[in-house]
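Take a look at the letters that make up each chain.
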Amino acid sequence: MTPLPQPLDPEALQRLIHDLEGLDVLDGGPALHELSRDQHHLSPPLEEALRGCRAQVVVRAHDREQLRRVAALCHRHRAPLTLRGAGTGNHGQCVPLSGGVVLDTSPLQRLLHLDPATGVLTAEPGCRLLDLDRLLQPQGRALRLSPSTWRTATLGGYIAGGSSGVGSLRWGLLRDAGNLLGLEVLTVEADPRWMQLDAAAAAALNHAYGCNGILTAITVPTAPWQPWQELVLDLPDRPAALGLAEALTTAALEIDQLAFLERDLAALLPSLAGLPPPQGDRLLLHADPAALGPISALAQARGGRLLLQRPCWPPRGLLLRELCWNHTTLHARAADPRLTYLIALLPDPVEPVLAALAAAEPGLLWHLERVRQGGCPRWVGLPVFPWRGDDALAGLIDTCRRHGVLVFNPHALTVEDSGLGVIDAAQVDAKRAHDPAALLNPGKLRGALRDTPG
Ligand SMILES: Cc1cc2nc3c(=O)[nH]c(=O)nc-3n(C[C@H](O)[C@H](O)[C@H](O)COP(=O)(O)OP(=O)(O)OC[C@H]3O[C@@H](n4cnc5c(N)ncnc54)[C@H](O)[C@@H]3O)c2cc1C
């Protein structure tokens, strides 16, 4: 294996800083530490592994020419270069393993084009997702997919670091064909080039942690805006809740988000709109107003109750989505810092698998998200459990796999190890093409660690 590039030695660092003159540079102080971190503290082993990792210089790029200059200088000085959006990644994606430069692209916030006929949007990477939706809403459009960190996360960070979120029940995973239509990418070379990638070529940079190109413009489809309603339902037990969820998501109802939280986990989360503590297991939904009648009727038939209905837009205070996806784990850890999580695609039917895992691994608290996968609704599990060390985690993953569960390990550092576990040749080829000196986010693309930097 090729070793990671080393941080710059003090003299090389001074030469780089000298050449960066005129740019928005931070080369000391607490901000250097802050801008080298993300939200990987959800994972105790990542917290441990990344403790000492930090940038030697942070540069904030305010325009395209500044981006180009930084890319060229990093190449000339052989400085590791890690991109950063809002720093909300939960896998340590934007934490530099080899020092060097952290390049903050969050000031690049222009909406470049919105096609009025198709709703296809092209925007700079630093656009905050909520800001994009604020621009889209008066045009009758909305982002198809967004993470629970919608208020803060950037478009570039979501494409390079995210995977799914609100909307995944209708639109699938971010990586599914049709969710990313094109990219403009800047190479890291002596004379950096801008490349225009169509949807097929862009796929290799989707969820590649910024290891194989600097995203400078992103083209995604949007959906017609809908007056989604936040709904909270209490159900007497898990079979009733999961049965209702499965009935709702195979019925002729428009639902954009559906999460299941078992009662003991829901009890750890902050109260939404002053709701009382859960009486049973909970479902959290974004649903179309026309679906409310059938949802209430189907819930009542299973002994359930609709506790809350309010519009999603405009967003105010704590949002329902901020109790879902990785926010569930975030809040649970605030209540009990020993807790952590796993991400797993569960086989159908799900109830026997959950029962078998509960028997094998006591202490799992179930949080499930309903997503569309291969055209069908499926459950993604984000179980929360007390951290008991690496061996216990390996045992849990092994047990899950024996029950037909596809595990995505959120305690792993590389694109591959937190994903499907296999090297994607297209990702590695894109790195060779756009980053021949292997300077981008070193150590995060396992397939590229075999290459010799040029
Ligand atoms: C509480 C919580 C909830 C979350 N919920 C979800 C969720 O529902 N769904 C989901 O998918 N994720 C979720 N995440 C993960 C994360 O918030 C999202 O993926 C988010 O979109 C990342 O955006 P960001 O701007 O913060 O990116 P960052 O964290 O800054 O960066 C993410 C990755 O993108 C790279 N990157 C950033 N900008 C560029 C660029 N211009 N060019 C190339 N690479 C770049 C970085 O190097 C890094 O590898 C959650 C995280 C937390 C902590």
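In this text, all values refer to a predicted model and were calculated from it rather than measured experimentally.

Asks: Give me the lowdown on the domain arrangement of the protein chain, citing residues and values where you can.
Replies: When the domains of the protein chain are assigned, the result is domain 1 (111-224) and domain 2 (229-408). If you look at the interface, domain 1 gives 21 residues, while domain 2 gives 21 residues. Carbon and sulfur atoms supply 58% of the area that domain 1 and domain 2 bury against each other, a total of about 1800 Å² over both sides. The tally of links from domain 1 across to domain 2 stands at three salt bridges. Measuring nitrogen to oxygen at the nearest pair gives 2.5 Å for the salt bridge that ties Arg-151 to Glu-322. Where the side of domain 1 that touches domain 2 is concerned, the elements lending two or more residues are helix H5 (129-136) and helix H7 (168-171). Tallying contributions element by element places H7 first for the side of domain 1 that touches domain 2, with four residues. When the residues that make up the side of domain 1 that touches domain 2 are grouped by side-chain class, the tally is seven nonpolar, nine polar and five charged.

Asks: Which residues make up the site of the ligand, and what values go with them?
Replies: Residues in contact with the ligand amount to 37 residues; listed here are only the nearest, Leu-83, Gly-85, Thr-88, Thr-154 and Ser-163. A distance of 2.6 Å is found between an oxygen atom of the ligand and a side-chain nitrogen or oxygen belonging to Thr-88. Contact with the protein chains hides 99% of the accessible area of the ligand, taken as 970 Å² for the molecule alone. Those elements that provide at least two residues to the shell around the ligand are strand E3 (81-84), helix H6 (155-161), strand E10 (214-220) and helix H12 (326-335). Along the lines of polarity and charge, the residues of the shell around the ligand split into 13 nonpolar, 23 polar and one charged. Residue-level mapping places the shell around the ligand at the junction of two domains, with at least three residues from each of domain 1 (111-224) and domain 2 (229-408).

Asks: Can you lay out the sheet that holds E3 for me, pointing to particular residues and giving the numbers?
Replies: In spatial order, the strands read E1-E2-E4-E3; together these four strands make up an open sheet with mixed pairing. At either end of the open sheet lies a strand with only one pairing partner, and these are strand E1 (24-26) and E3. Averaged over neighbouring strand pairs, the angle between their axes works out to 25° when direction is ignored. One ladder, built from four bridges, connects E3 with strand E4 (residues 101-104); its direction is parallel. In the strand pairing of E4, Leu-83 is matched with Leu-103. In the packing of helix H4 (residues 64-77) onto the sheet, the strands contacted are strand E2 (57-60), E3 and E4, and the crossing angle to E4 comes to about 165°.

Asks: Quick one: what's the story with the pairing of strand E14 (residues 281-287), residue by residue and with numbers?
Replies: Extensive coverage of E14 is indicated by the burial of seven of its seven residues. Burial of the side chains of E14 extends over both faces: Asp-281, Leu-283, Leu-285 and Ala-287 are buried on one face and Arg-282, Leu-284 and His-286 on the other. Two elements, strand E12 (residues 229-235) and E14, share seven bridges in a ladder whose sense is antiparallel. Across the sheet, Leu-233 pairs through a bridge with Leu-283, a residue of E14. With six bridges connecting them, strand E13 (residues 255-261) and E14 associate as antiparallel partners. When the bridges of E14 are listed, Leu-258 appears paired with Leu-285.

The rules behind these values
- Residues numbered from 1 in each chain as written.
- Predicted model: local features only at pLDDT ≥ 70, side-chain atom pairs only at ≥ 80, totals over all residues.
- Heavy atoms only, no water.
- Domains from an automatic or database assignment.
- Contact = heavy atoms within 4.5 Å.
- Buried area = accessible area lost by both parts, 1.4 Å probe.
- Salt bridge = Lys/Arg side-chain N within 4 Å of Asp/Glu carboxyl O.
- Helix = DSSP H or I, 4+ residues; strand = E, 2+ residues; numbered from the N terminus.
- Nonpolar A, V, L, I, M, F, W, Y, C, P; charged D, E, K, R; others polar.
- Near = heavy atom within 4 Å.
- Polar contact = N/O pair within 3.5 Å; in protein donor to acceptor, adjacent residues only side chain to side chain.
- Areas by Shrake-Rupley, 256 points an atom, 1.4 Å probe, with all protein chains shown as cover.
- Pairing = 2+ DSSP bridges.
- Axes fitted to C-alpha atoms, helices over the stretch in contact; angles between N-to-C directions.
- Buried < 20%, exposed > 50% of the residue type's maximum accessible area, 1.4 Å probe, protein only.

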